[in-house]
Amino acid sequence: MKQFLIFVKKEFYHVFRDRKTLLMLFGLPIAQIVLFGFALTNEIKNSKIVICDYAKDAASQQIIGRLAASTNFEIERSLLNHQQIEEAFRQGKIKLAVVFPENFNNDLQHFNKAQIEIIADASDPNTASTLSNYATSIISSYQQSLVKSNLVPLQIVPEVRMLYNPELKGATNFVPGVMALVLMLVCVLMTSVSIVREKENGTMEVLLVSPCNPFLVIISKAVPYFVLSLVNLSVILLLSVFLLDMPFNGSILLLFAESSLLILTALSLGLLISNSTSSQQSAMLISLMGMLIPTMLFTGFMFPIENMPIPLQIISNMVPAKWYYVIVKSIMIKGLGFSAIWKETLILFGMMCLLLAISFKKFKIRLA
Amino acid sequence: MRTLKFLLQKEFKQIFRNKALLPLIFVMPLIQLLIMPLAADYEVKNVDIAVVDHDHSDYSRKLVSKIISSGYFRLAGYGSSYPDAFKQIEKDKADLVLEIPQGFERNLVRENSQKLFIAVNAINGTKANLGGAYLSRILIDYNNDIRMEWFHPQRFSTNPTIEIVSSNWYNPFLNYSFFMVPGILAVLVTMICAYMCSLNIVKEKEIGTIEQINVTPIKKYHFILGKLIPFWVIGMFVFSVGLFVIARLVYGIVPLGSIVLLYGFLALYLVALLGFGLLLSTYSDTQQQAMSVAFFFMMIFLLMSGLFTSVDSMPGWAKVIAKCNPVTYFIEVMRMIILKGSRFSDIKYHFLVMIAFALTFNIWAVLNYKKTS
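Residues numbered from 1 in each chain as written. Chains lettered and ligands numbered in written order. Predicted model: local features only at pLDDT ≥ 70, side-chain atom pairs only at ≥ 80, totals over all residues.

### Describing the packing of helix α11 (residues 280-298) of chain A against helix α2 (residues 21-39) of chain B
And then number 1: At their nearest, the axes of α11 of chain A and α2 of chain B sit 11 Å apart, and the two run at 5° to each other. Considered as vectors, α11 of chain A and α2 of chain B are oriented roughly parallel to each other. For the pair α11 of chain A and α2 of chain B, the contacting residues are Gln281, Ser282, Leu285, Ile286, Met289, Ile293 and Leu297 of chain A in the first and Leu21, Leu24, Met28, Gln32, Met36 and Ala39 of chain B in the second.
And then number 2: Residues of the contact of α11 of chain A with α2 of chain B, tallied by class, amount to ten nonpolar, three polar and no charged. (Axes fitted to C-alpha atoms, helices over the stretch in contact; angles between N-to-C directions. Helix = DSSP H or I, 4+ residues; strand = E, 2+ residues; numbered from the N terminus. Parallel < 35°, antiparallel > 145°, perpendicular 65-115°, else oblique. Contact = placed C-beta atoms within 7 Å. Nonpolar A, V, L, I, M, F, W, Y, C, P; charged D, E, K, R; others polar.)

### Considering the interface of chain A and chain B
And then number 1: Each partner contributes residues to the interface: chain A has 96 residues there, and chain B has 95 residues.
And then number 2: For the side of chain A that touches chain B, the secondary-structure elements that each account for two or more residues are α2 (19-39), α4 (82-91), β4 (113-121), α6 (125-146), β5 (155-163), α7 (171-201), α11 and α13 (320-333) of chain A.
And then number 3: It is α2 of chain A that provides the largest number of residues to the side of chain A that touches chain B, a total of eleven residues.
And then number 4: Per-class residue counts for the side of chain A that touches chain B are 50 nonpolar, 30 polar and 16 charged.
And then number 5: As paired strands, β4 of chain A and strand β5 (residues 161-169) of chain B are joined by nine bridges and run parallel to one another. When the sheet's bridge partners are listed, Ile119 of chain A is paired in β5 of chain B with Ser167 of chain B. (Pairing = 2+ DSSP bridges.)

### Here we look at the sheet that holds strand β3 (residues 96-100) of chain A
And then number 1: Spatially, β2(A)-β1(A)-β3(A)-β4(A)-β5(B) is the arrangement adopted by the five strands of the open sheet, whose pairing is mixed. With one partner strand each, in any of the chains shown, β2 (73-79) of chain A together with β5 of chain B form the two edges of the open sheet. Here the average twist between neighbouring strands, direction ignored, is 25°.
And then number 2: Across four bridges, the pairing between β3 of chain A and β4 of chain A is antiparallel. Paired with Val98 of chain A across the strands is Ile118 of chain A, a residue of β4 of chain A.
And then number 3: The strands touched by α4 of chain A are β1 (47-53), β2, β3 and β4 of chain A together with β5 of chain B; relative to β1 of chain A, the strand with the most contacts, the crossing angle is about 170°.

### Quick word on the sheet that holds β5 of chain A
And then number 1: If you walk across this open sheet you meet the five strands as β5(A)-β4(B)-β3(B)-β1(B)-β2(B), and the pairing is mixed. Every other strand in the sheet has two partners, leaving β5 of chain A together with β2 (73-78) of chain B as the edge strands with one partner each. Taking each pair of neighbouring strands and ignoring which way they run, the sheet shows an average axis angle of 25°.
And then number 2: Where strand β1 (residues 47-53) of chain B and strand β3 (residues 96-100) of chain B come together, five bridges link them in parallel fashion. Note that in β3 of chain B the partner of Ile49 of chain B across the bridge is Leu96 of chain B.
And then number 3: Contacting β5 of chain A together with β1, β2, β3 and β4 (113-121) of chain B, helix α4 (residues 82-90) of chain B runs over the sheet at an angle of about 165° to β3 of chain B.

### Some points on the confidence of the model for chain A
And then number 1: Within chain A, residue pLDDT values average 83, and 96% of them lie at 70 or more.
And then number 2: Across chain A, element-level confidence peaks in helix α10 (residues 252-276) of chain A with a mean pLDDT of 90 and bottoms out in β5 of chain A with 76. (pLDDT = per-residue confidence, 0-100.)

Next comes the structure, spelled out in structure tokens:
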């Protein structure tokens, strides 16, 4: 036991003396929370649009005024003809063009019917359809204002309630995702690399011939990262509650217990990777490409899993972070107890046992 | 020149002899390019809806079948009461609960107005927002259908109507993968090159072989060039395979603009990016350090690059970060040339900025690499 503690102490020294690595360990979660919280929104604001007004009459001016007043749009300039629209799109800044034909007001007043053309740069399809929708609703509201009577018979009035997140903030969705990502990152990547480093430097041989049990040597490597992950987790939670005003409805104790489970799963994965590779570079690439990117993709916090093709949905079930993501959402936001998440917990636990078993089986006391 | 040739020979041998690394460099990015665009689909569809129908009337059944047949919604099941349906939201089985109150049909006809209750799971704000918008559009449609049953529409509208003709250029079918594939390809090339390059010099430092190079007459810039060129070649190769094999054969993306222009920009971008990798490398002492720092920067570069969310919607300070990020420019140029056929005159500014990046990073890296430790 005393030997074990000494080894743990050695590992802590290793971690704390490397300032640049610490920067990533603590800086990255904070940077991510800030960026996701304040810089990245799926909302589309201040999109630059151009107007091509062949009509130049009262009605077209009024609609242009309404478009300019919206926070979604920023009218860049007015163009003279269609050729210029293509040029503007090619230069890349303009997302939408609104074209008024000649005699717009005239047609509207006398024939009760006029046309407006909306051209979107659909190389970004989501932005294109969202912007077309915004423009359409602005134009429709103008049209409504022309109609005098507004008594509509047989009206169905939907009453919509937004549960859990009435302000539709992005934070509720991504904070659990960032937590999963950071824990995976710290545990899988850092553990596997720090073990392989001893192999690469040749110091592993020294450790393995020491009277200390080789398993203890390896476990002591994982301990600092376990502690650091818990610290990171607390930092993320504090930031998200106090900086991003996230709700915290469930039990903190349960959340930390479940997080420890994910951390242990990730650590076992890190052990497995380090047992199967011999250079830091390949350990790093495997954990980065094979673990982090799937974690980003398949947890469901960036892209909805139910939209993916069936084979990918099946693969997503093998990513531990996905289950953790469900658990965190249930505890933090929905405020549910253990009875709601026992299934996910069991799956994570199973994964951990499996990974641990494989990595212990692959563990060799002698180096080649 | 001869020194450089020998150095290059050494570097290439080192890379190609490392059997564990090769598949990671070449195969992983391509597999990801195959999978990621399929997974990265932001479109909101398959919203699961739970229905609580207290009315059980002809109208309420028609409404439900209209919602389901729209294609955006999947019926997660009927609930006997609201708390019952709410349980399905808690279990993530449903995203949305539609409650049709008792007397829906009767009240609608008699009192001309009737409420419907909708509760949305808004943890995912985007999905909640769009799902709610789809549902209200369907409701308006349904509402009009009912009105048509009761009143015969007038042939000619007496109210002024504006017809909106919208067209989507460059991507008429709104195919999301057209947008994502060029961006993801850019990111994969970036990641491979930046990581490999930043680890490279550090590895020599850590193993101690850098001492042997330091005592030879190899010039500083020879050494840096020797490290830079192999990864430049690999980057070009991975990019070409991604563009000509996967993007073209699997996703059917054929660049609209000039390939030469695209490659010109890529060549410049790789120089800038590799310079950045080398710079990190000269500042780190161990591979773990180099990797951590590289990962820190890459994460920020990727998130701020406009790959997933548009740069225009960011607040002012975040736009400044995006402007100082080489990846932003590369992704923008990729999308412009491949999807919109932009010409050199459209991306002059991007070229200038990238030249500035390349010069800064590389000169800084050469200056910071010291042959004495």
